[in-house]
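# Coordinate analysis (summary)
What follows is each chain in one-letter form.
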Amino acid sequence: MDFIHSDSNDQADPNIAMATDKSIIGGYGGWASSLIGDIPSLSFRNPQISDLNVWREKAVTKTQELLSSPLKAEPKVVVEKKYVYDGLEIEELSWQLPYGRSTKAILLKPKGVTKPLPAILALHDHAGMKYFGYRKIVKTSDDQHPVLTEHQKSDYGGKAWANEIAKRGYVVLVHDTFTFGSRRVFYEDVNGLNWGELDVSNKSENDPEKPEHIATYNRWASEHEHVMSKSLFCAGTTWPGVFLSEDQVALDILSKRNDVDPNRMGCGGLSGGGLRTVYLAGLDHRIKCAVCVGFMTTWNDLILNKSFTHTWMTYTPLLPKFLDFPEILGLRVPLPVMVQNNNQDELYTLPEMKKADQILKDIYAKAQASDKYASGYYDGPHKFDLEMQKDAFEWFDKWL
């Protein structure tokens, strides 16, 4: 059996076969790739599946079962502070979930608007920076932390994109999610970790905003991610499931505001925010328009090439037997979605990004909704720059 993935006709050459059998898991790559097959069992691309609604109900049910989202909550929202900055009315919010420390969030909207507006749940990235959450994509004063200034310069064209889209006439909510920012794992709350890079015996929460302390925390949190993921699996849940739960609570909060039109809500984000967009937009159809940035490929790309570049937060065990990765987002068909890719993105291979793009095009075409799907390819590394923001914002404007 030939396990090579290639767009060429050179597979009969045994030398090429030998070379391409190499993978990030060695000679086991071809075997592992073969376990999921070309078209998973619940793929809408299966020729025998014709009824969109029947398929979606079955596929969503299976996906939710495997995600095992643990939370249904309606927390009380506390308004900590209100002020105006950069032409926006800003609210600092918090709410307490049944577990962990209080969630901090920022809400932004154009100054002086009284009628209900469309809304965006803006999803912050991962970036190996768990010390920060929502602060990575907002700006609430001229006195911004230098680490955040640099992050927005390198990944977002020097802009706080949540602010920029709020200025276009949206209510925008950005919240810290599980293990980031206010929801991060604190050293003082960890018990029994005294091994290698996980050792917290000489770590302190004192003066945490110092850049060197932030860098130390982020390194520690990267190592701790393995521990958290294993513990979540042992608890019978998944990291994407926890993300989905917490993002849906935020969406609940956003939808119930008097200044929001609940029939015109969208979501989007870069990288880890793109990952969260895949699951939230795929499974919660209150999201009427979505933009996934810098997080689209196939499971096969992760099996053979790139799982080492990705967080544990990506994976839902057993789901690849039923849906390829882009098909999670495709569960929202025929609702609009845009996927933005970077041609030199180090987190994926370009052929598999294009394969994922084609899978989504096929899904939307089969549902007779090709106009509701858009994709773009941009030169450069992993980012959500100003050109990409312009296209994303216009997509939101078109559908919301």
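Overview of the structure. For every chain, the first residue of the written sequence is number 1, and numbering continues from 1 onward in sequence order. Confidence filtering applies because this is a predicted model: local features only for residues at pLDDT of at least 70, side-chain atom pairs given and counted only at 80 or more, and all residues used for totals across whole chains, interfaces and linings. Just so you know, side-chain values use all the structure's heavy atoms and leave hydrogens and water out.

## Some thoughts on helix 7 (residues 239-255)
Two residues of an α-helix separated by three or four positions point the same way, owing to the 3.6 residues in each turn. Using the following cut-off: A run of H or I in DSSP becomes a helix once it reaches four residues, and a run of E becomes a strand once it reaches two; helices and strands are each numbered from the N terminus. Any helix carries an expected span of 1.5 Å times its number of residues minus one. Definition of a polar contact: a pair of N or O atoms within 3.5 Å, with one able to donate and the other able to accept a hydrogen when the atoms are protein atoms, and with sequence-neighbouring residues admitted only if both atoms are side-chain atoms.
Under the 1.5 Å per step criterion, the end-to-end length of helix 7 is 24 Å for 17 residues, consistent within 8% with the ideal 24 Å. Backbone nitrogen of G241 and a side-chain oxygen of the N-cap are separated by 2.9 Å at the start of helix 7; the cap is T238.

## Some points on helix 3 (residues 52-67)
For clarity, the cut-off: The cut-offs for exposure are 20% and 50% of the maximum accessible area for each residue type, with area from a 1.4 Å probe on protein chains only; residues under the lower value are buried, those over the upper are exposed, and the others partly exposed. The arc under discussion is defined with respect to the helix axis, by the directions toward the C-beta atoms. Here a residue-residue contact requires only that any non-hydrogen atoms of the pair lie within 4.5 Å.
If you check helix 3, its first and last C-alpha atoms are 22 Å apart, about what 16 residues at 1.5 Å a residue would give, namely 22 Å. Those residues of helix 3 lying buried are L52, W55, R56, A59, V60, T63, L66 and L67. The arc that holds the buried residues of helix 3, viewed along the axis, is 130°, so those residues lie on one side. Exposed residues on helix 3 whose side chains face more than 90 degrees from its buried face are N53, V54, E57, K58 and E65. Those residues of helix 3 that are buried are in contact with helix 7 and helix 8 (272-283). With a side-chain oxygen lying 3.1 Å from the backbone nitrogen of N53, the N-terminal cap of helix 3 falls on D51. Directly after helix 3, the chain includes S68, whose backbone phi takes a positive value near 55°.

## Remarks on the packing of aromatic side chains
Let me state the cut-off plainly: In this analysis, rings of Phe, Tyr and Trp, with Trp reduced to its six-membered ring, are considered paired at centre separations within 6.5 Å, and the interplanar angle assigns stacked below 30 degrees, edge-to-face beyond 60, and tilted for intermediate values.
In the structure shown here, the tally under the stated rule is 16 aromatic pairs. An angle of 85° between the planes, with centres 5.0 Å apart, marks the rings of Y131 and F132 as edge-to-face. The class for Y131 is buried, based on a relative accessible area of 7%. Arranged with centres 5.8 Å apart and planes meeting at 75°, the rings of F295 and Y348 form a pair that is edge-to-face. Remark: Y348 occurs in the loop between strand 8 (337-342) and helix 11 (350-366) and F295 occurs in the loop between strand 7 (287-293) and helix 9 (299-306); sequence separation between them is 53 residues. Among the aromatic residues, ring-to-ring pairing joins Y131, F132, Y187, Y217 and W220 into one connected group.

## Let's talk about the side chain of E91
Here E91 is to be found in strand 2 (residues 88-95). A distance of 3.0 Å separates a polar atom in the side chain of E91 from a polar atom in the side chain of R257. Not counting the four nearest positions on each side in its chain, E91 is found in contact with V79, K81, K82, A105, I106, L107 and R257.

## Looking at the pattern of salt bridges
What counts here: We count a salt bridge whenever a side-chain nitrogen from Lys or Arg sits within 4 Å of a carboxyl oxygen from Asp or Glu.
According to the stated counting rule, one finds 25 salt bridges in the structure shown. A salt bridge links K167 to E164, with the shortest nitrogen-to-oxygen separation between them at 3.1 Å. Among the residues examined, K167 registers a relative accessible area of 37% and is labelled partly exposed. The exposure class assigned to E164 is partly exposed, which follows from its relative accessible area of 21%. Across the pair R286 and D252 runs a salt bridge whose closest N-O atoms are separated by 2.6 Å. Residue R286 is found in the loop between helix 8 and strand 7, and its partner D252 is found in helix 7; the two are separated by 34 residues along the sequence. Members of the salt-bridge network, linked through shared partners, are E89, E91, K109, R257 and D259.

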